[in-house]
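Listed here are the chains, written in short residue letters.
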Amino acid sequence: MTVFDKGVSRRSLMKGGVALTAGLAAPHFFTKSAYAYLNEPTGGTVTLGFNVPQTGAYADEGADELRAYQLAVKHINGEGDGGMLNTFSSKALKGNGILGKKVEYVTGDTQTKSDAARASAKRMIEKDGVVMVTGGSSSGVAIAVQSLCQEAGIIFMAGLTHSNDTTGKDRRANGFRHFFNAYQSGAALAPVLEANYGKDRKAYHLTADYTWGWTQEESIADATEALGWQTVEKVRTPLGAGDFSQYITPVLNSGADVLILNHYGKDMVNSLTQAVQFGLRDKQVNGKDFAIVVPLYSRLMAQGAGENVKGIFGSTNWHWSLSDAGSQAFVKSFGAEYGFPPSQAAHTCYVQALLYADAAERAGTFAPCELGKALEGFEFDGMGNGPTLYRAEDHQCFKKVLVVKGKDNPSSQFDLLEVVQEVPREQVTYDANIPQFAGSLGSCNNGA
Amino acid sequence: MDAFVLQMLNGLDKGGAYALIALGLTLIFGTLGVVNFAHGALFMLGAFCAVTIQKLLTLSKKVKDESITFFDAYKEIPYLETWFGDTGLVIIDYAVPISLLAAIPIMLIIGLIMERGLIRFFYNRSHAEQILVTFGLAIVLQELVKAIYGANPIPTPAPEVVAGSADLGILFGVPGTIVYPYWRLIYLFFSLAVIGGVFAFLQFTTFGMVVRAGMQDRETVGLLGIHVERRFTIVFGIAAVVAGLAGVMYTPILPPDYHIGMEFLVLSFVVVVVGGMGSLPGAVLAGFLLGILQSFASMNEVKSIIPGIDQIIIYLIAVIVLQVRPRGLLGRKGVMEG
C-alpha cells in the first residue's frame, strides 16, 4: 500500500507544498509590509549615514565635511547656537531632531574609491539602518553611491561632487545635489576670463582622467571656445599621478598661453605647484602673460598649494568671507566649534543635512518618495547662496556661483581667496536636458 | 629640440629616483639574497624624516589672530622666529637640507634595527616568505606613519633660493625655451652623486671589495675567515640610507604622504627586474632608461599614436626585455634560478 492509496495524491501534495511555502514566506511579506519604507525608524532616534573620504586624495575635504555634518546634527537636535537654522527661510525644524526623533549618525570612509564607498554605504543601510546617506568629494564615488541608494531605496544627499553627470546622465530620483557643477563653473568663469585675458587665447587642458575631469574639461572648453579661445590640447592625467612634470613640460612649448588645470584636491595641489615651479606663471607666450586657471577651487586646496595660488582665477560654490547673514551665522558657529572657518565642502554638506531634515519635517515622513517630493521644486534662502531652487527635473540646486582669485596679499592664514564676482543664478541656469546633461531620474524607490 | 631636452631632463630626473631605490634593493638582494618589499617604506621613512625635522623647526606658540572677528582664531608663530628673528626663518627655510644631514644616522639606525631585528631571520627562507614578511613590515610602517602624521600629504618646500626655475635655454643660445626647476636639477645631480659614491665605495675600499667578493661567492669569503654577515648588515644600513636620502630629497617635488613609498616600490621592482636581479649597474641603467622612456611616452605626439602609452610603457618594456633577455639587461647567470 502506498500513501497515495490513502487519498494523498501527487496533486494534493503539491498543493500542500505550495500552501506550506506560502505560509513560511508569509512572515517575510508581513515584515516588509509592516514598514512603509526601508529602515523606517521605530524608536526615539533616527540615524543618518555620513560617507566621506577619510583617507586618500580627498581626505582633507572629507574631514571638513564630517565636521560640518556633526555641527548640523547638533543644530538639528537643538544644541549649540543653531547656525544657519536661524537664517534658513523654512522654519519647519524646531530644534528637537527630525519629526521629534533625535538625530544620530554613523560614519564611513569612502577612501575616494567607488567600491569602498559602496561597501561603506551598504553597511550603513543594511547594518546601521540609516534613512539617508550623504557625503562626497569625488564625483565617481558620488555617482556610484547615488546609484546604490537608488537601488536600495534610500535618499542620497550628495556632498561635494562637481561632475555634470551627477545630476546629468547619471541622475537618480533618490539623489539630490546642492553643490554646483562643471557647466555652471564654465558659465560663471567665462565672462571673467574674457575681461581679464581677452578673446584671443590658446588654452591647454590637463584633466584628471575620470568622470568629473571629463565633464569639467568639456564644459570649460565649450565656455572658453564660445569666447573665441582656441583649445590647443586636452591631456588626460591619471588620478593621483603625483608627479605631473612629464605632463607639464609639453605645455611649455605648445604655443598655449593659458593652462587650465582640471584637477582637484591633492592632484590640484601637486599640478599647480609643479606648474609654477616650471615657471609657467612668469612666462610670456604670444606676446601675452601666461595664465593658469583652476576652474574648481577650494580654500583647503589653496592652503596646500601655498603661495602658488596668487592671482589664479577659479570658481567655488561658496566662500567663508561672504557677508550675508546665513554665511556669517555658519562661519561663526563652525569657527567657534573648530577654530577655523569652514570650506565649501563643509558648507554644502551642512546645508544638505539641514535640507534633508527640513524636507522630512515638511513631508511628515522619512519615506524617500514623499521626502523627495518635498525637496523637488523647493525654493529657499538664508543658506549662504542667496535664493536657491532645488529643481524638480534633475534634483540640481540653482543659486549664485562665486568666481574667486588667489589673493596677492592675504591678511590672515585663512584669507587666501578673494571673491571676484558673485555670478547670479540666472547666468548659470540651463535646461535640464541639454546634451551635456541628458538623462532620466527614473522612479523613486522607497525600498519596501 | 627644446621639447626633447625638457623630456630628457624629466626622464633623467625620474630615473634618478628610480635608480636610487633600485640600487638599494639590488644591494640588499645581491648581498643578503633578500627580496625586500619594505624598501619603499624606507624611502617613505626618509621623506618623513624631512617632515619631522620641519615640524620640529616650526614648533610654534599660538597667538590670537586679530584679523578674524567671527570666532577665536589663532596664528602659529614658530619659536625659532620669536627667538632668532630672520635667522630663525632662514633655518626653517632650510628644513630639507638640514633633514638630509639628520637622515643619514637616522636611516642607518633604522636599517640596522630592521636587519638585525627581523630580516636576518629570513635569510634561509624562500623568496615568497621574504616577500610576505617584508611586505607586512612595509604595511606596519605605513600605518604607523599614518597614525602619527595623518593620511594627507604634507608640503615640505625647498629653500626659497632654489624655489624657482633655471633658464637652460641660455646654454643653447635660445633663452626662455628650456626652463627647468632648480630643485629637480639638484635632485638629478644628487642622485648621480649618491650612485657614484656607492659605486666608488664598493669599488675602491677594502670593505667594498669584501662585499663584492661576498656577492660573488659568500661561502669562500667566509672560509677566508672574514665575518661577511656583519658587513652585509652594514650594507643593509647603507641601502636604507640611500633610500632614505632619496626620500628626503623628493619631498619638495612631491609632498609626502604615508603611501609615497608604495608608489615607488612597484616601479622600482620593475626597474630591478629589467636591469637584472643582483646587478648594480643594471639597476642604475634600467632606472634611468625607464625614467626617460616614461617621460617621452607622455609626449602628446607619442600619445596621439598610441593612446595611454604613458601609463603602461614601463611594464611594456619590462615584458619586452624579459622576452629578449630573460635575466634582464645586465643580469648574471644563476641569480634566482633553480
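About the thresholds
- Residues numbered from 1 in each chain as written.
- Chains lettered and ligands numbered in written order.
- Predicted model: local features only at pLDDT ≥ 70, side-chain atom pairs only at ≥ 80, totals over all residues.
- Heavy atoms only, no water.
- UniProt positions renumbered as here; feature names shortened; annotations may be inferred.
- Helix = DSSP H or I, 4+ residues; strand = E, 2+ residues; numbered from the N terminus.
- Rg over C-alpha atoms; globule rule 2.2 N^0.38 Å.
- Buried < 20%, exposed > 50% of the residue type's maximum accessible area, 1.4 Å probe, protein only.
- Contact = heavy atoms within 4.5 Å.
- Areas by Shrake-Rupley, 256 points an atom, 1.4 Å probe, with all protein chains shown as cover.
- Core = buried A, V, L, I, M, F, W, Y, C linked by side-chain atoms within 4.5 Å.
- Domains from an automatic or database assignment.
- Buried area = accessible area lost by both parts, 1.4 Å probe.
- Salt bridge = Lys/Arg side-chain N within 4 Å of Asp/Glu carboxyl O.
- Polar contact = N/O pair within 3.5 Å; in protein donor to acceptor, adjacent residues only side chain to side chain.
- Nonpolar A, V, L, I, M, F, W, Y, C, P; charged D, E, K, R; others polar.
- Pairing = 2+ DSSP bridges.
- Axes fitted to C-alpha atoms, helices over the stretch in contact; angles between N-to-C directions.
- 1 Å grid on protein atoms, 1.4 Å probe; cavity = no way out; pocket = protein on both sides within 12 Å on 5 of 7 lines; lining within 4 Å.
- Points joined across faces, edges and corners; volume = space filled by probe spheres on them.

The name recorded for chain B in an unreviewed UniProt entry is Amino acid/amide ABC transporter membrane protein 1, HAAT family, from Thalassobaculum litoreum DSM 18839. The annotation that UniProt attaches to chain B under Subcellular location (unreviewed entry) is "Cell membrane".

The name given to chain A in an unreviewed UniProt entry is Amino acid/amide ABC transporter substrate-binding protein, HAAT family, and the organism recorded there is Thalassobaculum litoreum DSM 18839. Regarding chain A, the UniProt comment filed under Sequence similarities (unreviewed entry) reads as follows: "Belongs to the leucine-binding protein family."

Engineer: Hey, could you run me through the overall build of chain A in this one?
Structural biologist: Looking only at helices and strands, chain A features 12 helices and 17 strands. Relative to the compact-globule value of 22 Å for 448 residues, chain A shows a C-alpha radius of gyration of 25 Å, a close match. For chain A, the residues scored as buried account for 60% of the 448 residues in total. Expressed as a percentage of contacts within chain A between residues at least 6 apart in sequence, the contacts between residues at least 24 apart total 73%. Split by element, the accessible area of chain A, about 15600 Å² in all, is 51% carbon and sulfur.

Engineer: When you look at the nonpolar core in this model, what are you seeing that I'm missing?
Structural biologist: Generally speaking, a soluble globular protein has its nonpolar side chains buried in company with each other. Core analysis: the largest hydrophobic core is formed by 219 residues, its most contacted members being L259, I292, L355 and Y356 of chain A. Take this core: its biggest share by element is 15 residues, from helix 1 (residues 2–32) of chain B. Summarising the domain contributions, this core has at least three residues from each of domain 1 (45–180 + 320–396) and domain 2 (183–316) of chain A. Excluding anything up to four places from it in sequence, Y356 of chain A contacts L48, I98, V131, M132, I155, M157, F366 and L371 of chain A. Listed in part, the 15 residues of the second largest apolar core include A117, A121, M124 and A158 of chain A.

Engineer: Looking at this structure, I do not really get the domain arrangement of chain A. What am I missing?
Structural biologist: You'll often see interface size given as the accessible area lost when the parts meet. Residues and elements named next belong to chain A. According to the domain assignment, chain A contains domain 1 (45–180 + 320–396) and domain 2 (183–316). Just the C-alpha atoms count here: the centres of domain 1 and domain 2 sit 29 Å apart. When domain 1 packs against domain 2, close to 1700 Å² is buried across both sides, 56% of that on carbon and sulfur atoms. For domain 1, the biggest contributors to the area lost against domain 2 are Y58, H162 and F180; these three give 33% of the whole. Where domain 1 meets domain 2, there are zero salt bridges. Inspection of the region where domain 1 meets domain 2 yields 12 residue pairs in polar contact (both at pLDDT 80 or more). When residues of the side of domain 1 that touches domain 2 are traced back to their parent elements, those giving at least two are helix 2 (59–76) and helix 4 (139–152). The residue inventory of the side of domain 1 that touches domain 2, partitioned by class, reads nine nonpolar, nine polar and four charged.

Engineer: Can you help me understand the sheet that holds strand 15 (residues 397–398) of chain A in this one?
Structural biologist: Backbone hydrogen bonds are what pair the strands of a sheet, in a parallel or an antiparallel way. Residue and element names in this part refer to chain A. Taken in spatial order, the three strands line up as 13-14-15 in an open sheet, and their pairing is antiparallel. Lying at the two open borders of the sheet, with one neighbouring strand each, are strand 13 (378–380) and strand 15. Of the strand pairs in this sheet, strand 13 and strand 14 (residues 388–390) are connected by three bridges, and their pairing is antiparallel. Residue pairing across strands places F378 opposite Y390, the latter belonging to strand 14. The sheet contacts of helix 11 (residues 344–363) involve strand 13 and strand 14, and relative to strand 13 the element is tilted by about 125°.

Engineer: Help me understand the layout of surface pockets, please; the structure alone is not making it clear to me.
Structural biologist: Rolled over the atoms, a probe sized like a water molecule indicates the empty space that remains. Of the voids in this model, the second largest pocket is the one considered here, and its volume is about 1000 Å³. L239, G240, A241 and G242 of chain A together with E263 of chain B are the residues nearest the centre of the second largest pocket, which is lined by 32 residues in total. Those elements that provide at least two residues to the lining of the second largest pocket are helix 7 (245–252) of chain A together with helix 1, helix 11 (260–275) and helix 14 (309–324) of chain B. Tallying contributions element by element places helix 14 of chain B first for the lining of the second largest pocket, with five residues. A per-class count over the lining of the second largest pocket returns 15 nonpolar, 10 polar and seven charged. The residue makeup of the lining of the second largest pocket includes at least three contributed by each of domain 1 (45–180 + 320–396) and domain 2 (183–316) of chain A.

Engineer: Hey, could you run me through unusual backbone geometry in this one?
Structural biologist: Most peptide bonds are trans, and most residues other than glycine sit at a negative phi. Residues and elements named next belong to chain A. Of note in this structure, N39 is not a glycine but carries a positive phi near 60°. Looking at the secondary structure, you find N39 in the loop between helix 1 (10–34) and strand 1 (45–52). Even without being glycine, Q111 reaches a positive phi, approximately 55°. Looking at the element boundaries, Q111 is found in the loop between strand 2 (102–109) and helix 3 (114–126).

Engineer: What is the right way to read the pattern of salt bridges from this model?
Structural biologist: Side-chain pairs of opposite charge can arise whenever the charged atoms involved come near each other. For the structure shown, the criterion picks out 27 salt bridges over all chains. In this structure, K288 of chain A and D200 of chain A form a salt bridge, with 3.7 Å as the shortest nitrogen-oxygen distance. Pair noted here: K288 of chain A is in strand 10 (residues 288–289) and D200 of chain A is in the loop between helix 5 (182–197) and strand 6 (202–208), with a separation of 88 residues, a long-range link. For K288 of chain A, a relative accessible area of 22% translates into the label partly exposed. Between R116 of chain B and E229 of chain B there is a salt bridge, with the nearest N and O atoms lying 3.5 Å from each other. With R116 of chain B in helix 5 (residues 95–117) and E229 of chain B in helix 10 (residues 228–250), this residue pair connects regions lying 113 residues apart in the sequence. Sharing partners across several salt bridges, the network here consists of D200, R201, D257 and K288 of chain A.

Engineer: Whenever I open this one, the side chain of S343 of chain A confuses me. Can you help?
Structural biologist: With respect to the helices, strands and loops of the structure, S343 of chain A is situated in the loop between helix 10 (325–338) and helix 11. S343 of chain A sits in the buried class, given a relative accessible area of 2%.

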